[in-house]
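# Structural overview
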Amino acid sequence: MFQKITLKNVTPNTRSQTTIAKGDYRFTFGVESTIASGKGTLAGTVAVGPVCPTPNPDGFSCTPTAEMYAAAKVFVYLTDKKTLIQTIIPDAQGKFSISLTTGTYYIDMAKQSMGGTYGVPTTVTISSGKTATLSLRVDTGLR
């Protein structure tokens, strides 16, 4: 949990010609949590394709496999874009859902050797009891 510390008061608070000893000063601070408590959900889908060249001369299945979806990892970072909070592996249909503490997060995916990723990088805000959704796409570069 992060804290916000605020200087509330300093005594003595008068400006005078009298010299005030360092030990006579008193400081009052306020301490507040900067992150709301609670949890929310990050849910989404990852589309992977194309899987087959067009046209498909050999009749191969042009449906992405569970391994293709699993390779499309989604990374959840703090907003510093460096502190990794969670690595999400989509299920065999490309869907994912995780619970996160309320706050704002930076979302990215691994760069693809061919094609590219769409919908990331982005930021999402997770609110208590709410679901934030993402639609992501991995272009395989296959044509």
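Residues numbered from 1 in each chain as written. Predicted model: local features only at pLDDT ≥ 70, side-chain atom pairs only at ≥ 80, totals over all residues. Heavy atoms only, no water.

### What to know about the nonpolar core
Ranked by size, the top nonpolar core spans 21 residues in total, and within it Leu-42, Val-46 and Ile-107 carry the most contacts. For this core, the secondary structure elements donating two or more residues are β3 (39–49), β4 (74–77), β6 (95–101), β7 (103–109), β9 (122–126) and β10 (131–139). A total of 4 residues in this core trace back to one element, the largest contributor, which is β10. Dropping the residues within four chain positions of it, Leu-42 is found in contact with Val-76, Ile-88, Phe-96, Ser-97, Ile-98, Leu-100, Ile-107, Val-124, Ile-126, Ala-132 and Leu-134. (Core = buried A, V, L, I, M, F, W, Y, C linked by side-chain atoms within 4.5 Å. Buried < 20%, exposed > 50% of the residue type's maximum accessible area, 1.4 Å probe, protein only. Helix = DSSP H or I, 4+ residues; strand = E, 2+ residues; numbered from the N terminus. Contact = heavy atoms within 4.5 Å.)

### Looking at the packing of aromatic side chains
Using the criterion set out here, one finds 3 aromatic pairs in the structure. Look at Tyr-77 and Tyr-106: their rings are 6.1 Å apart centre to centre, the planes differ by 55°, and that puts the pair in the tilted class. In this pair, Tyr-77 is assigned in strand β4 and Tyr-106 in strand β7, connecting sequence segments 29 residues apart. The same class applies to Tyr-77 and to Tyr-106, which are both buried. What links up through ring pairs into an aromatic cluster is the set Phe-75, Tyr-77 and Tyr-106. (Phe/Tyr/Trp six-rings, centres within 6.5 Å; stacked < 30°, edge-to-face > 60°.)

### Comments concerning the state of the cysteines
Under the counting rule described, the total for this entry stands at 1 disulfide. Cys-52 shares a disulfide with Cys-62; S-S distance 2.3 Å. Its S-S torsion of about -120° marks the bond between Cys-52 and Cys-62 as left-handed, since a negative value means left-handed. Here Cys-62 lies in the loop between β3 and α1 (66–71) and Cys-52 lies in the loop between β3 and α1, a separation of 10 residues in the sequence. Owing to a relative accessible area of 40%, Cys-62 belongs among the partly exposed residues under this scheme. (Disulfide = S-S within 2.5 Å.)

### Description of the side chain of Thr-117
For Thr-117, the location among the structural elements is in strand β8 (residues 116–118). By relative accessible area, which is 15% here, Thr-117 ends up buried. Setting aside anything within four residues of it in sequence, one finds Thr-117 in contact with Met-109, Ala-110, Gln-112, Arg-137 and Val-138.

### Some points on the sheet that holds β9
Spatially, 4 strands are ordered β5-β4-β7-β9 in an open sheet, and the strand pairing comes out antiparallel. The open sheet is flanked by β5 (84–88) and β9, the only strands paired with a single partner. When the angles between neighbouring strand axes are averaged without regard to direction, this sheet yields 30°. Examined bridge by bridge, β4 and β5 share 4 bridges and lie antiparallel to one another. Paired with Tyr-77 across the strands is Leu-84, a residue of β5. (Pairing = 2+ DSSP bridges. Axes fitted to C-alpha atoms, helices over the stretch in contact; angles between N-to-C directions.)

### Re the sheet that holds β6
Sheet architecture is open: 4 strands sit in the order β6-β3-β10-β8, paired in mixed fashion. Here the strands that pair on one side only, and so sit at the sheet edges, are β6 and β8. Direction aside, neighbouring strands of the sheet carry axes that sit 25° apart on average. Of the strand pairs in this sheet, β8 and β10 are connected by 3 bridges, and their pairing is antiparallel. When the sheet's bridge partners are listed, Thr-117 is paired in β10 with Val-138.

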